Amino acid sequence: MRKRRTKPVARVAATALVCCTTVLLDAPFAAAADGTPAFSADPLSTWQTDGIVWSLAAANGVVYVGGSFDTVRPPGAAPGERQVARRNFAAFDAETGKLLPCAPTFTGHHHTVRALKASPDGRVLYVGGSFDHVGSTRVANAVALDITGCTLRKDFRPSVSATVRAIEMTGDTVYLGGDFSRIGGQLRKRVAAVTAKGALLPFQAEVDQPVRALSAATSHGRLFVGGDFESVNGQAARSLVTLNPGSGKTVLAYPGWFPPQSSVKTIARYKDRFYVGAEGHGPGIFDGRIAGRLTNGSMVWKDTCFGATQAILPYKNLLYSASHAHNCNETPGGFPDRGDRQHLLVQSLEDRRILHWFPDTNDGIGEHVGPRALAVSKGVLWAGGEFTRVNDVPQQGLTRFGSRDTGAPEVPVLAVSDTDPGSVTLTWRATWDRDDASLTYRVYRDGKAVATKTQESTYWKLPKMTHTDAVAAGSHQYTLEVTDGTNTSAKSNAVTVTVPAKTVPAQTAPAKAAKKQVEGEPK
């Protein structure tokens, strides 16, 4: 598929282990093949929202969507057309994209759903945000839905004092993170643990600024916490910390990983590693992604792309991310800062290399970030956020990608650079494809294929290509097409060339006389 571009804190206590930043590759990952992305860069037909999607969750073949919106509308519908009421929450069939009737309304406070998390058994969906009603029932920023009946559960009603931005569940424990300072009237500064029935647990940590991401690795005795903070439990902890999942005491801090004004927005685990993505504001910030080891907290790799990473998703040995990436020059496979942004990426889990998969959105509305959430269900990748266009086509709030490649490369522009007796030299600038680096160009003369050339290209590197055709004198017409192996572009513009005949040099008078004399000599 083609793309067109246009406050001081104390030092870490001795009881908290400080992780190292040595960058090494683990043998199992170093030996593994990356493979290719599981998804095409060509979007599937998808419903749209009239506002921002902040969170996605998947369970039992259904994708749940939370955000700040009042309605959804069908694929292709313009804003205001064919709208269906959905107050900050909607559900869709993951595979077909069909809008489902599950539609509780979340209203009050800031009227927004910021966090969704399905229980491991697929029976309960935990919902967090800033709201005080679900339907007509009064609640306080965190609830649970029974997935089978899409009904509000009566047994999970923690009273949370402010916005919930992150939810994680493991076993019978539900972790909440956000802006709050109290739950059920008891002090819990921005991170807390409750039972699956909503009862407050003794887990307690003091975090000085909002928590935005949670990920539990209980087999390693750790709860990963990310956010805007600089202090946890009275000690320095910049943006990322691991806590004891039972007590809330600090296990690891990560000094030097994140500069001031950078916040961890997303955390994920895959096999024996964890991954984080960050957003920064101002000079000297970190906006990219980091891989670390669950065993000891050491860093595996760090990419330095700019562009406010909002979501990461490890899937089939690759790392998908949502951001508005630019200036990825120092990351293998990366691109220079050209004044534009790339909003969806996939990278190698082994060495952070950016692979050739470039579906894209625009920045959109709100904070103009673009995509903010990712989820996979039934082999389909869903993305949600602030965007209003996908691959240069109007599409708001939601999009999704399957495995089928349906987009042809853009048609190249053909020109003639030179004509000589018996030959024509054609020239064109390589085009590119969103999910195929290597493209094959076919040159046609008078409707017949006469040459093929293969060239790798990206949207930031489009090499100049040429072909010299040996051809008889006369008028000839040339066209060009390009294929990614599955889809073929339309024919290019036609160029007509008149090839001159080869001329025989005229003989001079002395040369003619010499020839005649030679011919007259006896043999």
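Residues numbered from 1 in each chain as written. Predicted model: local features only at pLDDT ≥ 70, side-chain atom pairs only at ≥ 80, totals over all residues. Heavy atoms only, no water.

**Digging into the pairing of strand E10 (residues 124–130)**
Thought 1: A large share of E10 lies buried, amounting to 7 of its 7 residues.
Thought 2: Across the two faces of E10 the burial is the same, with Val 124, Tyr 126, Gly 128 and Ser 130 and Leu 125, Val 127 and Gly 129 all buried.
Thought 3: One ladder, built from 6 bridges, connects strand E9 (residues 112–118) with E10; its direction is antiparallel. What sits directly across from Lys 117, in E10, is Tyr 126.
Thought 4: Where E9 folds back onto E10 in an antiparallel hairpin, the turn is made up of 5 residues, including Gly 122, whose phi is positive at roughly 70°.
Thought 5: Of the strand pairs in this sheet, E10 and strand E13 (residues 142–146) are connected by 5 bridges, and their pairing is antiparallel. Pairing of Val 124 across the sheet is with Asp 146, part of E13. (Buried < 20%, exposed > 50% of the residue type's maximum accessible area, 1.4 Å probe, protein only. Helix = DSSP H or I, 4+ residues; strand = E, 2+ residues; numbered from the N terminus. Pairing = 2+ DSSP bridges.)

**Considerations on the nonpolar core**
Thought 1: If you look at the biggest cluster of nonpolar residues, it comprises 21 residues, and the most contacted ones within it are Tyr 64, Phe 106, Leu 125 and Val 127.
Thought 2: At the level of elements, strand E3 (52–59), strand E4 (62–68), strand E7 (89–93), E9, E10 and E13 are the ones that each hand at least two residues to this core.
Thought 3: The element best represented in this core is E9, accounting for 3 residues.
Thought 4: Once you skip the residues sitting within four places of it in the chain, Val 127 turns out to touch Phe 106, Val 113, Ala 115, Leu 116, Asn 141, Ala 142, Val 143, Leu 145 and Ile 167. (Core = buried A, V, L, I, M, F, W, Y, C linked by side-chain atoms within 4.5 Å. Contact = heavy atoms within 4.5 Å.)

**Considerations on the pattern of salt bridges**
Thought 1: Enumeration according to the criterion identifies 17 salt bridges in this entry.
Thought 2: In this structure, Lys 117 and Glu 168 form a salt bridge, with 3.2 Å as the shortest nitrogen-oxygen distance. Of the two residues, Lys 117 sits in strand E9 while Glu 168 sits in strand E15 (residues 164–170), which places them 51 residues apart along the sequence.
Thought 3: According to the relative accessible area criterion, Lys 117 is partly exposed, its value standing at 28%.
Thought 4: Since its relative accessible area comes to 5%, Glu 168 is described here as buried.
Thought 5: In this structure, the salt-bridge partner of Lys 197 is Asp 155, at a minimum N-O distance of 3.2 Å. With Lys 197 in the loop between strand E19 (191–195) and strand E20 (211–217) and Asp 155 in the loop between strand E14 (151–152) and E15, the pair connects residues that are 42 residues apart, well separated along the chain.
Thought 6: You can call Lys 197 exposed: its relative accessible area is 55%. (Salt bridge = Lys/Arg side-chain N within 4 Å of Asp/Glu carboxyl O.)

**Re the confidence of the model for the protein**
Thought 1: In the predicted model, the protein carries a mean pLDDT of 91, and 89% of its residues have values of at least 70.
Thought 2: Low pLDDT (under 50) marks residues 1–34, which in the prediction has 99 contacts with non-local residues, meaning those over four places away or in another chain. (pLDDT = per-residue confidence, 0-100.)

**A word on the sheet that holds strand E8 (residues 106–107)**
Thought 1: Read from one edge of the open sheet, 3 strands run E8-E11-E12, paired in antiparallel fashion. Bordering the open sheet on either side are E8 and strand E12 (137–138), each of which pairs with just one other strand.
Thought 2: Bridging between E8 and strand E11 (residues 133–134) involves 2 bridges; their strand directions are antiparallel. Bridging across to E11, Phe 106 finds its partner in Val 134.

**With respect to the packing of aromatic side chains**
Thought 1: For the structure on display, the rule yields 25 aromatic pairs.
Thought 2: A ring pair is formed by Phe 224 and Phe 274, whose centres lie 4.5 Å apart and whose planes are at 35°; its orientation type is tilted. Taken together, the residues Phe 224 in strand E21 (residues 222–227) and Phe 274 in strand E27 (residues 273–280) connect sequence positions 50 residues apart. Residue Phe 224 shares its accessibility class with Phe 274, and that shared class is buried.
Thought 3: With a centroid separation of 6.0 Å and an interplanar angle of 40°, the aromatic rings of Trp 428 and Tyr 441 are classed as tilted. With Trp 428 in strand E39 (residues 423–429) and Tyr 441 in strand E40 (residues 438–445), this pair connects stretches of sequence that are 13 residues apart.
Thought 4: Among the residues examined, Trp 428 registers a relative accessible area of 2% and is labelled buried.
Thought 5: In this structure Tyr 441 comes out as buried when scored by relative accessible area, which is 0%.
Thought 6: Taken together, the ring pairs in this structure connect Phe 224, Tyr 254, Trp 257, Phe 258, Phe 274 and Phe 286 into an aromatic cluster.
Thought 7: The positively charged end of Lys 491 is found above the aromatic ring belonging to Tyr 444, 4.3 Å away from the centroid. (Phe/Tyr/Trp six-rings, centres within 6.5 Å; stacked < 30°, edge-to-face > 60°. Lys NZ or Arg CZ within 6 Å of the ring centre and 35° of its normal.)

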